[in-house]
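What the coordinates show
Residue-level listing of the chains:
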Amino acid sequence: MEKVRIEDLQVGMIVGKSIFAPNGVILIREKAVITAPILSKMKELGLPAAYIITSPDGTTSEDLVSEATRIDLVRSLSKLDSQVRAGQNLNILSSKQPLYTLIDEIISNQKSLIGMADIRLHGDYIYGHSVNVCTIAVKIGILLGYNQLKLSELGIGALFHDIGMTKIPLQVLDKTSNLTNDEVKLIQTHPEAGFGMLKENQAISMVSAHVAYQHHERYDGSGYPRGIAGESIHEFARITTVADVYDSMTTEKIYRRAKSSAETLQFIQSKRGTEFDPDIVDLLKQIIL
Ligand SMILES: [Fe+2]
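Reference entry: report on the structure contained in this document. This one's a predicted model, so the numbers in the text were calculated from it and none came from an experiment.

1. Quick look at the packing of helix H10 (residues 235-249) against helix H11 (residues 261-270)
At a minimum axis separation of 9 Å, H10 and H11 run at an interaxial angle of 140 degrees. Relative to H11, the element H10 lies oblique. Regarding H10 and H11, the two cross each other, and that crossing is right-handed. Taken together, the residues of H11 that come into contact with H10 (itself represented by Val242, Val245, Tyr246 and Met249) are Ser261, Thr264, Phe267 and Ile268.

2. Here's the deal with the coordination of the iron ion
For the iron ion, the full set of protein donor atoms is Asp162 (OD), His190 (NE2), His215 (NE2) and His216 (NE2), at a range of 2.2 to 2.3 Å. Coordination geometry of the iron ion: the four donor atoms subtend angles of 83 to 170 degrees at the metal centre, consistent with an arrangement described as irregular. For the iron ion, all donor residues lie on one chain, and their spacing in sequence is D-x27-H-x24-H-H. Remark: His215 occurs in the loop between helix H9 (206-214) and H10 and Asp162 occurs in the loop between helix H5 (148-159) and helix H6 (170-173); sequence separation between them is 53 residues. Here Asp162 and His215 have matching classes, each one buried.

3. A look at helix H3 (residues 93-109)
Since one α-helical turn is 3.6 residues long, residues separated by three or four positions face the same way. Look at H3: 25 Å from first C-alpha to last across 17 residues, which is about the 24 Å you get at 1.5 Å a residue. Phi for Gln110, located one or two positions after H3, is positive at around 55 degrees.

4. Description of the nonpolar core
In this structure, Leu99, Leu102, Leu159, Phe160, Leu198, Ile268 and Leu284 are the most contacted members of the largest nonpolar core, which totals 53 residues. In terms of residue count, the dominant contributor to this core is helix H4 (residues 125-143) (eight residues). Beyond its immediate sequence surroundings of up to four residues, Phe160 is in contact with Leu77, Leu80, Ile92, Ser95, Leu198 and Ala212. Counting residues in hydrophobic clusters, the runner-up holds 12 residues, among them Leu9, Ile28, Ile34 and Leu47.

5. Describing the pattern of salt bridges
For the structure on display, the rule yields nine salt bridges. Among the ionic pairs, Arg5 bridges to Glu7, the shortest N-O distance being 3.2 Å. Residue Arg5 is classed as partly exposed on the basis of its relative accessible area of 24%. Note on Glu7: relative accessible area 46%, which makes it partly exposed. Put simply, Asp81 and Arg85 hold a salt bridge, and the shortest N to O gap is 2.7 Å. On the criterion of helical spacing, the pair formed by Asp81 and Arg85 is a turn pair, its members being four residues apart in helix H2 (residues 67-85). Under the relative-accessibility criterion, Arg85 is labelled partly exposed at 29%.

6. Quick notes on unusual backbone geometry
Geometrically, the link from Tyr224 to Pro225 is a cis peptide bond, its omega value of 5 degrees lying close to zero. Here Pro225 lies in the loop between H9 and H10.

7. Considering the packing of aromatic side chains
Inspection of every chain in the model, using the stated rule, returns two aromatic pairs. Plain terms: the ring middles of Phe195 and Tyr213 are 4.3 Å apart, the flat faces sit at 10 degrees to each other, and that makes the pair stacked. One end of the pair, Phe195, is in helix H8 (residues 190-199); the other, Tyr213, is in helix H9, with 18 residues separating them in the sequence. Here Phe195 and Tyr213 have matching classes, each one buried.

8. Structural notes on the pairing of strand S4 (residues 49-52)
Burial along S4 is two-sided: Ala49 and Tyr51 facing one way and Ala50 and Ile52 facing the other are all buried. As paired strands, strand S1 (residues 2-5) and S4 are joined by four bridges and run antiparallel to one another. When the sheet's bridge partners are listed, Glu2 is paired in S4 with Ile52.

9. Side note on the environment of Met13
Among the secondary structure elements, Met13 is positioned in the loop between S1 and strand S2 (19-20). Leave out the neighbours within four places in its chain, and Met13 touches Asp8, Ala32, Val33, Ile34 and Ile52.

10. Looking at the packing of H2 against H3
Two elements in contact, H2 and H3, have axes separated by 9 Å at closest approach and are oriented at 150 degrees. When the axes of H2 and H3 are compared, the pair comes out roughly antiparallel. The crossing of H2 and H3 is left-handed. Each of Thr69, Asp72, Leu73, Ser76 and Leu80 in H2 lies in contact with H3, whose residues at this interface are Ser94, Ser95, Pro98, Leu99, Thr101, Leu102 and Glu105. Grouping the amino acids of the contact of H2 with H3 by side-chain chemistry returns five nonpolar, five polar and two charged.

Basis of the calculations
Within each chain, residue numbers correspond to sequence positions counted from 1 in written order. Totals for whole chains, interfaces and linings use every residue, but because this is a predicted model, local features are given only for residues with pLDDT of at least 70 and side-chain atom pairs only at 80 or more, for both listing and counting. To get the side-chain values, all heavy atoms of the structure are used, and hydrogens and water are removed first. Note on geometry: axes are lines fitted to C-alpha atoms, helical ones only across the stretch in contact, with angles between N-to-C directions running from 0 to 180 degrees. Each helix corresponds to a stretch of at least 4 residues labelled H or I by DSSP, and each strand to a stretch of at least 2 residues labelled E; elements are numbered beginning at the N terminus. Any angle from 65 to 115 degrees is called roughly perpendicular, while one under 35 is roughly parallel, one over 145 is roughly antiparallel, and all others are oblique. Handedness of a crossing follows from how the near helix is turned relative to the far one, being left-handed for an anticlockwise turn of less than a right angle and right-handed for a clockwise one. Here, two residues are considered to be in contact whenever any of their heavy atoms come within 4.5 Å of each other. As a rule, N, O and S atoms within 2.8 Å of a metal are its donors, except that Na, K and Ca use 3.2 Å; water is not among the atoms, so sites may look incomplete. Between 85 and 135 degrees for all angles marks four donors as tetrahedral; over 155 degrees for opposite donors together with 65 to 115 for all other angles marks four donors as square planar and six as octahedral; every other arrangement is irregular. Each residue is placed in one exposure class: buried if its accessible area under a 1.4 Å probe, protein chains only, is under 20% of its type's maximum, exposed if it is over 50%, and partly exposed if it falls in between. A helix's residues, less one, multiplied by 1.5 Å, set its expected span. The criterion is simple. A nonpolar core is a set of buried Ala, Val, Leu, Ile, Met, Phe, Trp, Tyr and Cys residues joined through side-chain atoms within 4.5 Å. A side-chain nitrogen of Lys or Arg and a carboxyl oxygen of Asp or Glu constitute a salt bridge if their distance falls within 4 Å. Pairing of aromatic side chains requires ring centres within 6.5 Å, counting the rings of Phe and Tyr and the six-membered ring of Trp. Pairs whose planes differ by under 30 degrees are stacked, by over 60 edge-to-face, and all others tilted. Following DSSP output, two strands are said to pair if at least two bridges run between them. For this classification, the nonpolar set comprises Ala, Val, Leu, Ile, Met, Phe, Trp, Tyr, Cys and Pro, the charged set comprises Asp, Glu, Lys and Arg, and every other residue, Gly included, is treated as polar.

Scope: geometric values only; no functional claims are made or implied.
Here you go:
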């Protein structure tokens, strides 16, 4: 399977991974043949690329997490976002079961991160990103020898690390032009907003809430909101930070192209021991290569 940019896609190619709309509905199903109308629809939607099956046996078995689990999680996050924006309380119950399934799948299938689904529409970005960050974090937690309880606390923290974004107006999040200083400051309130939401929630442990609070802190103290450093940052947050940066950089955004895994790893390694916890960087390297 190979990632092919939209301008290089051709009629007759076979899609290796389903592509979803922001609400979790499938736009193009895995193993569908690209026809002229499908190709123009993909261009109309602004999809940056698609996975194409290149091997003769049509194998699509590179997924670290099954498509069904991924869809369940993306859908539950999308639903939570609308509920919170509509003023309802954060009810994470519908996300817990698919999260446990995701942890079980990662434990049992031993695959690397390469080939992890990463083609998303703009509106889908935040949910798909959260699922990927959670996947990478859990994979690192497994290498650290975490038990089921620690994996689920880490997984919940990573899955909801950006939940505070639901407090940021959509017109700011969806803006395609440069953000003003005030808008940047507003977005930077999301760790505290997320912590506020999660710590109130009986279904979430305090350490998971701290992941949302601390995921923009940096190992050398150069992050925000508090500028804490080193071991003062909870290990779950140090893991989630590295997972967050890795997934953000390897994902296409409206304003920039995705970087390759190798380029991203090189960048993260250049900040090993400064911005990022050196041990976590080494574990990321292990699961990518
Ligand atoms: Fe964030």
